[in-house]
Amino acid sequence: MDTFDAGAGSILRQPTAVWATAGASVVAFMGIGLVDPILPSIAEGLDANASQVSLLFTSYFLITALAMLVTGFVSSRIGGRKTLLLGLAFVVVFAGLAGTSDTVGQLVGYRAGWGLGNALFVSTALAVIVGAAAGGSAAAILLYESALGLGMACGPLVGALLGDASWRYPFFGTAFLMAIGFLCIAVFLKEQPKPARRTSLLDPVRALGHGGLASAAVSAFFYNYTFFTVLAFTPFVLNMTPYKSGAVFFAWGVLLAVFSVLVAPRMQRRFGSLKVLGGSLVLLAADVLVLGYGDHTTAIVCTVLSGAFIGVNNTVYTELALGVSDAPRPVASAGYNFVRWFAAAAAPYFAPKIEEWTDIHVPFVVAAVTAVLGAVVVLVRRRALTHQAQELEPAHATEDSVTVFAD
């Protein structure tokens, strides 16, 4: 049986609850790239510099990383449905408040609250989709990656359309869309069975004691630094109007979605996951290096092209995190995300600082180096990363969904 075809064949035939969760996930991922095209407008509107405005990403992802230790603790006690609703409620409140900010400090603080809500929602949404989706884990992961890609593509476009009138409107728009997501989850998603064992705050950290999961997390840490240098720093380098910047990152997001859902599974099947991941990381490093040293047109092309490599990497890393260890999926995901999101918090802060200390090219050199380091970890730790855990739900597993991780 063909892994991708099996997933593609069933990905559209899902219960209403799965579609409701996936739809809300699209909006949640929109929130990541929403501010991209309006970063210069926010800086101008709040009289802030690039370093200060980049803290919107840093506060968001720093809280997201720390909250990963809490998500399993909460969901294993109150259930997946209530955790999703709690996370959505946080996003609605803090995204709305972000639109009322009078200073960059207020906006950074509200983004931190938004990050807490997003962590509760996104980490639980993956577990809910995997548990409820038809077609096994392979179809569920493709559906989740589809939501991620669509959200990352639409976020900059929505940010540009609403932000052209005022930088505040994208935040209000997100609050409105997440309120709709809250209603959909409340109506269509029934409470999921609680795990037999409650998750402690330290379980995700303990899960990282598994060599394969720790290796995937460390490699993803380096990769995420590169990813979020592109996402958070490039808008200042391109220095375009919200509409033009939104169009660039929309094209970037489309490539991300296409390569994560359509291309990555085929490449994995033909070459093996680890070869695909290592090669994609090296190509991403070359791409961001050219982005940093090329002219304006070259920078635009390389920004869009990076979406292809990022899409491939996202799919492979997600599968590794869920399948490389014998830890329960929510625990493994929390431990993995706890590590990698620290890089997403670091890159938006350090990239503008590195530019201030050196010049505009060096942040991209650093990003290229971190992508290569991610590939080095994959190469050195390939034996640990090819270890296969037994499926936790054999009734829903297929031979293909198990072996999709193998290299």
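Here, every reference points to the structure presented above.
So, a few notes on the structure that sits alongside this text. Here, residues in each chain are numbered from 1, in the same order as that chain's written sequence. With pLDDT at 70 or above as the cut-off, local features in this predicted model cover only qualifying residues; side-chain atom pairs require 80 or more to be listed or tallied, and sums for whole chains, interfaces and linings still use all residues. Side-chain numbers here rest on the full set of heavy atoms in the structure, without hydrogens or water.

This part is about the overall build of the protein chain. Counting its regular elements, the protein chain contains 17 helices and zero strands. Three exposure classes are used, based on accessible area relative to the maximum for each residue type with a 1.4 Å probe and protein chains only: buried under 20%, partly exposed in between, and exposed over 50%. A total of 407 residues make up the protein chain; the buried ones form 58% of that total. The helix count covers DSSP runs of H or I at least four residues long, the strand count covers runs of E at least two residues long, and both are numbered beginning at the N terminus.

Where empty space is left in the structure can be found by rolling a water-sized probe over the atoms. Cavity and pocket criteria rest on a 1 Å grid covering protein atoms alone: a 1.4 Å probe that fits but cannot get out defines a cavity, protein on both sides within 12 Å along at least 5 of 7 lines defines an open pocket, and an atom within 4 Å of a point defines a lining residue. Grid points are joined across faces, edges and corners, and a volume is the space filled by probe spheres set on the points. Applying the stated criterion across every chain yields a total of six cavities of 30 Å³ or more. The calculated volume of the largest cavity comes to roughly 270 Å³. Considering the residues around the largest cavity, the lining is formed by 24 residues, among which Y144, L148, N337, R340 and W341 are closest to the centre. Ten residues, namely Ala, Val, Leu, Ile, Met, Phe, Trp, Tyr, Cys and Pro, are considered nonpolar, four, namely Asp, Glu, Lys and Arg, are considered charged, and the remaining ones, Gly among them, are considered polar. Residues that form the lining of the largest cavity fall into these classes: 16 nonpolar, six polar and two charged.

Negative phi values dominate among residues other than glycine, just as trans dominates among peptide bonds. Positive phi is not limited to glycine here, since D47 has a value of about 55 degrees. Positioned with a positive phi, N239 is a non-glycine residue whose angle comes to about 50 degrees. Checked against the element boundaries, N239 lands in the loop between α10 (211-238) and α11 (242-271). N239 sits in the exposed class, given a relative accessible area of 60%.

Turning our eyes to something else, we now look at the packing of helix α4 (residues 50-78) against α10. Lines fitted to C-alpha atoms define the axes here, with helix axes fitted over just the stretch in contact, and angles between the N-to-C directions of these axes take values from 0 to 180 degrees. Contact pair α4 / α10: the axes reach a minimum separation of 10 Å and the direction vectors enclose 155 degrees. It follows that α4 is roughly antiparallel to α10 by the angle criterion. Between α4 and α10 lies a crossing whose hand is right-handed. Packed against α4, whose contacting residues are A50, V53, S54, F57 and F61, the element α10 presents F228, L231, A232 and F236 at the interface. In terms of residue class, the contact of α4 with α10 is built from eight nonpolar, one polar and no charged. Orientation labels follow simple angle bins: below 35 degrees gives roughly parallel, above 145 gives roughly antiparallel, 65 to 115 gives roughly perpendicular, and whatever is left gives oblique. Left-handed describes a crossing in which the near helix is turned anticlockwise from the far one by less than a right angle; the clockwise case is right-handed. Any two residues whose heavy atoms approach within 4.5 Å are treated as being in contact.

Let us look at the side chain of T303. With respect to the helices, strands and loops of the structure, T303 is situated in helix α13 (residues 296-323). Residue T303 is classed as buried on the basis of its relative accessible area of 0%. Throughout this description, a polar contact denotes any pair of N or O atoms lying within 3.5 Å of each other; where both atoms belong to protein, one of them has to be capable of donating a hydrogen while the other can accept it, and for residues adjacent in sequence the pair is counted only when both atoms sit in side chains. Separated by 2.7 Å, the side chain of T303 and the backbone oxygen of A299 make a polar contact. Every residue in contact with T303, bar those within four places of it in the chain, is listed here: T234, L238, V248, F249, W252 and L291.

Counting residues in each nonpolar core, the largest one holds 118 residues, and the members touching the most others are I42, F61, F171, F228, L231 and W252. Sequence-distant contacts of W252, defined by excluding residues within four places in its chain, comprise M152, F227, V230, L231, T303, V304, S306, G307 and I310. Residues enter a nonpolar core if they are buried and are Ala, Val, Leu, Ile, Met, Phe, Trp, Tyr or Cys, with the set joined through side-chain atoms within 4.5 Å.

All right, on to the packing of aromatic side chains then. Aromatic pairs are defined between Phe, Tyr and Trp rings, using the six-membered ring for Trp, whenever the two ring centres lie within 6.5 Å; interplanar angles under 30 degrees are classed as stacked, those over 60 as edge-to-face, and all others as tilted. Tallying each qualifying case throughout the model produces 18 aromatic pairs. For the pair W167 and F171, a centre-to-centre distance of 6.1 Å together with 80 degrees between the ring planes defines the contact as edge-to-face. Side by side, W167 and F171 carry an identical accessibility label, which is buried. On the numbers, 5.8 Å between centres and 70 degrees between planes, the contact of F249 with W252 is edge-to-face. Of this pair, F249 and W252 both sit in helix α11, three residues apart, which is roughly one turn of that helix. Two thresholds decide whether a charge sits over a ring: the Lys NZ or Arg CZ must be within 6 Å of the ring centre and within 35 degrees of the ring normal. Note that R77 overlies the ring of F73, its terminal NZ or CZ placed 3.8 Å from the centroid. One Lys or Arg, R111, reaches over the ring of F57 and ends 5.9 Å from the middle of that ring.

Another point: α11. To get the bend at a residue, fit one axis to the 7 residues ending there and another to the 7 starting there, then take the angle between the axes. Approximately 45 degrees is the largest bend angle found in α11, and it occurs at V263, with the proline P265 only one to four residues beyond. Immediately downstream of α11, the backbone of G272 shows phi near 100 degrees, a positive value.

There is a patch of nonpolar side chains on the surface, built from L157, L161, L162, Y169, F172, Y243, F250, V254, V258 and L262 and spanning about 800 Å² of accessible area. Of all elements in the fold, only α7 (136-163), α8 (169-188) and α11 reach the threshold of two or more residues within the nonpolar patch. The biggest single contributor to the nonpolar patch is α11, with five residues. Here Y243 is to be found in helix α11. Like-charged residues within 9 Å of one another, or nonpolar side chains (Val, Leu, Ile, Met, Phe, Trp, Tyr) within 5 Å, are grouped into patches, provided each residue has over 30% relative accessible area and no salt bridge. Exposure was quantified through the Shrake-Rupley algorithm and a 1.4 Å probe, taking into account, for residues, occlusion by the shown protein chains and nothing else. The salt bridge definition used is simple: a Lys or Arg side-chain nitrogen within 4 Å of an Asp or Glu carboxyl oxygen.

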